[in-house]
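# Analysis of the macromolecular model
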Amino acid sequence: MKKNLITLSLLAVLLSGCCGSGTATEPAAEPENAVIDAIMARRSIRYYTDTPVEREKLQKIAECGINAPNAMNRQDWEVRIVDSQEYFDGVTQIMKESMPFMVKTDDPKFRNGFRNATAAIFIACPDDESGMFLQNVGLMSENICLAAYSLGLGTCVMGGPAMFLSTNEAARPYLDRLGFSEGYRLRVVIAVGYPDEQPEARPRDPGKIQFID
Ligand SMILES: Cc1cc2nc3c(=O)[nH]c(=O)nc-3n(C[C@H](O)[C@H](O)[C@H](O)COP(=O)(O)O)c2cc1C
């Protein structure tokens with residue numbers, strides 16, 4: 001008898017969950033908006049677990065990248081995906097020698113100078129400030145970050161390693177390995193991996209937004 005009562009109570013709880021708990025007078029709950037939720041919850045991740053990122057996922061998020069709006073759909077960008085730890089270690093070694101402030105070797109969780117990522121996406125565009133090339137790269141980058149977030153991955157857009165690779169002579173072989181076309185410049189590197197931290201949102205200034213009547 002007692003068992004039957006417990007079963008009935010459980011059923012009641014389950015049914016109330018399935019069929020809506022509100023009464024007719026309560027306002028309907030806001031529908032979930034997966035896109036807005038992802039935009040508001042995404043954060044830059046700088047620590048990652050050892051778990052490698054599946055190549056299918058890297059391919060998918062890069063495809064989301066190239067589906068970003070871009071000026072006249074000219075697609076003036078090139079994308080390279082690296083998941084070789086030997087590549088990250090090699091560049092990190094050069095960073096240690098020539099720009100030690102870029103690497104926190106005293107950090108026990110330090111893995112590499114790519115914000116400890118297990119994979120990274122390198123994006124280049126024409127080395128020409130007159131076009132809309134940088135805007136395209138920015139839009140692609142956010143698409144990549146949001147797509148990655150939706151697949152349970154963390155990302156960090158990084159200007160530092162992009163600048164390092166495109167200017168440091170000793171790192172030249174690593175830039176060459178990316179095989180960008182003549183006249184293209186590496187603009188941004190996006191760290192990708194399974195997050196090993198949950199940082200708080202950095203504050204935003206809503207005063208930057210103004211309606212003009
Ligand atoms: C163009 C660009 C360059 C950035 N460069 C770096 C970088 O070199 N290293 C880094 O750790 N974060 C870098 N960031 C990440 C920003 O620090 C981060 O987006 C910002 O602090 C806001 O934090 P959130 O992404 O968690 O919202 C960069 C972001 C952008 C858009």
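Definitions and cut-offs
- Residues numbered from 1 in each chain as written.
- Predicted model: local features only at pLDDT ≥ 70, side-chain atom pairs only at ≥ 80, totals over all residues.
- Heavy atoms only, no water.
- Phe/Tyr/Trp six-rings, centres within 6.5 Å; stacked < 30°, edge-to-face > 60°.
- Buried < 20%, exposed > 50% of the residue type's maximum accessible area, 1.4 Å probe, protein only.
- Near = heavy atom within 4 Å.
- Polar contact = N/O pair within 3.5 Å; in protein donor to acceptor, adjacent residues only side chain to side chain.
- Helix = DSSP H or I, 4+ residues; strand = E, 2+ residues; numbered from the N terminus.
- Nonpolar A, V, L, I, M, F, W, Y, C, P; charged D, E, K, R; others polar.
- Contact = heavy atoms within 4.5 Å.
- Core = buried A, V, L, I, M, F, W, Y, C linked by side-chain atoms within 4.5 Å.
- Expected span 1.5 Å × (residues − 1).
- Axes fitted to C-alpha atoms, helices over the stretch in contact; angles between N-to-C directions.
- Left-handed = near helix turned anticlockwise from the far one by under 90°.
- Patch = residues over 30% accessible without salt bridge, like charges linked within 9 Å, V, L, I, M, F, W, Y side chains within 5 Å.
- Areas by Shrake-Rupley, 256 points an atom, 1.4 Å probe, with all protein chains shown as cover.
- Salt bridge = Lys/Arg side-chain N within 4 Å of Asp/Glu carboxyl O.
- Pairing = 2+ DSSP bridges.

### What to know about the packing of aromatic side chains
Counted under the stated rule, the structure contains five aromatic pairs. With centroids separated by 6.1 Å and ring planes inclined at 90 degrees, the aromatic side chains of Tyr-87 and Phe-88 adopt a geometry described as edge-to-face. Each member of the pair Tyr-87 and Phe-88 is classed as buried. Here a set of aromatic residues connected by ring pairs shows up, and it is made of Tyr-87, Phe-88, Phe-114, Phe-122 and Tyr-174.

### Examining the site of the ligand
In the vicinity of the ligand, the contacting residues are Arg-42, Arg-43, Ser-44, Arg-46, Arg-115, Cys-156, Val-157, Met-158, Gly-159, Gly-160, Arg-202 and Arg-204. Between the ligand and the protein, one listed contact pairs an oxygen atom with a side-chain N or O atom of Ser-44 at 2.6 Å. In this structure, Gly-160 approaches the ligand through a main-chain N or O atom, which is 3.0 Å from an oxygen atom. Considering each element in turn, the shell around the ligand owes the most residues, three residues, to strand β3 (residues 154-158). Tallied by class, residues from the shell around the ligand come to three nonpolar, three polar and six charged.

### Things to note about the side chain of Asn-136
With respect to the secondary-structure elements, Asn-136 resides in helix α5 (residues 133-150). Among the residues examined, Asn-136 registers a relative accessible area of 3% and is labelled buried. Setting aside chain neighbours within four positions, we find Asn-136 in contact with Pro-69, Asn-70, Ala-71 and Trp-77.

### What about the nonpolar core?
Looking at soluble globular proteins, one finds that nonpolar side chains tend to be buried together. Counting residues in hydrophobic clusters, the biggest one holds 28 residues, and the most contacted among them are Tyr-87, Phe-114, Phe-122, Leu-165 and Leu-186. Breaking this core down by element, the ones donating at least two residues are α4 (85-98), β2 (119-126), β3, α6 (160-167), α7 (172-178) and β4 (184-193). Examining the composition of this core, we find that five residues originate from one element, α4, more than from any other. Discounting chain neighbours no more than four positions away, the residues touching Tyr-87 are Val-82, Phe-122, Leu-165, Tyr-174, Leu-175, Arg-177 and Leu-178. In terms of nonpolar packing, the next biggest core, distinct from the first, is built from 21 residues, Phe-133, Val-137, Cys-145 and Val-192 among them.

### Thoughts on α4
End to end, α4 covers 20 Å across 14 residues, agreeing with the expected 20 Å (1.5 Å per residue, within 8%). Buried residues of α4: Tyr-87, Phe-88, Gly-90, Val-91, Thr-92, Ile-94 and Met-95, and no others. Of the surrounding elements, those touching the buried residues of α4 are β1 (78-82), β2, α6 and α7.

### Brief notes about the environment of Ala-120
One can find Ala-120 in strand β2. Not counting residues within four places of it along the chain, the set of residues in contact with Ala-120 comprises Arg-80, Ile-81, Val-82, Phe-88, Val-189, Ile-190, Ala-191 and Val-192.

### A closer look at the packing of helix α3 (residues 55-66) against α5
If you want to describe how two helices pack, look at the angle between their axes and the distance between the axes. Interaxial distance between α3 and α5 falls to 7 Å at its minimum, and their mutual angle equals 145 degrees. Viewed along their axes, α3 and α5 form a crossing whose handedness is right-handed. Of the residues in α5, those touching α3 at Ile-61, Cys-64, Gly-65 and Ile-66 are Met-140, Asn-143, Ile-144, Ala-147 and Ala-148. Its residues assigned to classes, the contact of α3 with α5 comprises seven nonpolar, two polar and no charged.

### A short note on a nonpolar patch on the surface
Taken together, the side chains of Val-35, Ile-36, Ile-39 and Met-40 present a nonpolar region at the surface, about 400 Å² in accessible area. Of note, Ile-36 is situated in helix α2 (residues 34-41). When its relative accessible area of 46% is taken as the criterion, Ile-36 is described as partly exposed.

### Concerning the side chain of Arg-187
Locating Arg-187 in the fold gives a position in strand β4. Separated by 3.4 Å, the side chain of Arg-187 and the backbone oxygen of Pro-126 make a polar contact.

### Some remarks on the sheet that holds β2
With antiparallel pairing, four strands are arranged side by side in an open sheet as β1-β2-β4-β3. Since the sheet does not close on itself, it has two edges, and those belong to β1 and β3, each with one partner. Neighbour-to-neighbour, the strand axes of this sheet turn through a mean angle of 20 degrees, independent of strand direction. For β1 and β2, the ladder comprises five bridges, and the chain directions are antiparallel. Residue pairing across strands places Val-79 opposite Ile-123, the latter belonging to β2. Its contacts with the sheet put α3 on β1, β2 and β4, and the angle it makes with β1 is roughly 165 degrees.

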